[in-house]
Structures are given as C-alpha cells and as structure tokens.
Amino acid sequence: SQEKAGVKLSVTDFIIKASALSLMAVPEVNASWMGDTVRRYHAADISIAVQTEHGLMVPIVKDADSKGLAQISSDVKGLAGKARENKLTPADYTGGTFTISNLGMFGVKQFCAIVNPPQACILAVGGSETRVIPGKVEGTYEEGSFMCATISADHRVIDGAVAAQWLAQFKKYMEDPMTMML
C-alpha cells in the first residue's frame, strides 16, 4: 500500500503521469510553436501551475513519462515547496513541453486555461465529484468519481482533432490507472 511505502499519492500525481503517457501516445501534442516552425519533443516535461504568495509559478516535472508515480509525487512536493519559498531556479521552470492547471482544490468544476507559449497545449482540471451510476449488475447502482478536464490548443501546432485524440487517451489512463503502471 501507499502508506507502507511512505508515499501518499495525490490525484495531481496521477494527472501528471496520465498526461505524460498521453503525450507519448499522441506525440504531435508534445510540441511548441517556435515562430515559424513546430518543434517536437521526445520527453514529457510537465509544467504544473502553482499559486504562491509571490504569484503564479510553473515548475516542471522533467521526464514525467519515464518516472513512476512515487517519483512524480516526490518531485511535485519538492517543487511546490521551492515555489512557496520563492526558491525556484530557472532550471526548475524553463523548458516545459505541456502545462497542467488544476483548480479543483478551489471548488472549481470546469474552466478554460490559456496556452503557455511556446507550448502547444494546456490542460485545465476541475474538481472531482461523486455521482450515482448504474452498477455492474442490472438494477443496481454504485458511486463513481468524475472530474472535468479541458484541453486548450495552439492551432498553429495541432488542430482540434489531434487535441481530442490526446484527451481520449488521457481519459483512458485516468479511468483505468493500473494501465499507467504497466
């Protein structure tokens, strides 16, 4: 269990991992607009928007596609602490290939985020809510957890259909988190 290993994973850790793996599955999204050309990346360097008393900071979980959830969790905690203490270095916030903005902890259900240039996309994540859904056995019901995620894309880099492919892949990972660990 997480507790035995001394690691407490957050929903954000899963969102980062699912985003990174989705970038590997739909590599056109892992790109930037460089003024007159598109640059594609091989690694998923995920920028995480963090609000601090010093303003918005966007530190990067580097190579998130090749890290396990425990390492991602550790990186996020370390970067968030540095951000709150205003101790991020340029290496901590320069070079991200994709950004995640999560306002769920503020009770926001859904929002649209503005792309962080030169990146191609940003993922806006709202809070989760519990809903009653049909159960596996006919005539029964169970609870399900739902979250809203909206992708905004720079159409100079990718079109809406490619963004939708990425979002469909992200949804698959989030709905079946075990697939992120295979």
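Structure's up top.
### A short note on the environment of Lys62
Turning to its location among the elements, Lys62 is positioned in the loop between β6 (60-61) and α3 (69-84). Between the alpha carbons of Lys62 and Ser73 there is a distance of 12 Å; along the sequence they are eleven residues apart. The residues touching Lys62, leaving out its near neighbours within four places in the chain, are Ala44, Asp45, Lys67, Ala91 and Thr94.

### Overview of the pattern of salt bridges
In this structure the tally under the stated criterion is seven salt bridges. The salt bridge partner of Lys82 is Asp92, with a shortest N-O separation of 2.7 Å. Here the residue Lys82 occupies a position in helix α3, and Asp92 occupies one in helix α4 (residues 90-93), the gap between them amounting to ten residues. Residue class for Lys82 comes out partly exposed when judged on its relative accessible area of 29%. Of the charged contacts, one joins Asp154 and Arg156 as a salt bridge, the two residues approaching to 2.7 Å between their closest N and O atoms.

### Points about the nonpolar core
Grouped together as the largest cluster of nonpolar side chains are 39 residues, with contacts concentrated most on Ile16, Val29, Ile46, Phe98, Ile100, Leu123 and Trp166. Broken down by secondary-structure element, the contributors of at least two residues to this core are α2 (11-25), β3 (46-48), α3, β7 (98-102), β8 (121-134) and α5 (160-175). Considering every element that reaches this core, the biggest residue donor is α2, with seven residues. If sequence neighbours within four positions are ignored, Leu123 has contacts with Ile15, Ser19, Phe98, Thr99, Ile100, Ser101, Ala149, Thr150, Ile151, Trp166, Leu167 and Phe170.

The rules behind these values
Residues numbered from 1 in each chain as written. Predicted model: local features only at pLDDT ≥ 70, side-chain atom pairs only at ≥ 80, totals over all residues. Heavy atoms only, no water. Helix = DSSP H or I, 4+ residues; strand = E, 2+ residues; numbered from the N terminus. Contact = heavy atoms within 4.5 Å. Salt bridge = Lys/Arg side-chain N within 4 Å of Asp/Glu carboxyl O. Buried < 20%, exposed > 50% of the residue type's maximum accessible area, 1.4 Å probe, protein only. Core = buried A, V, L, I, M, F, W, Y, C linked by side-chain atoms within 4.5 Å.

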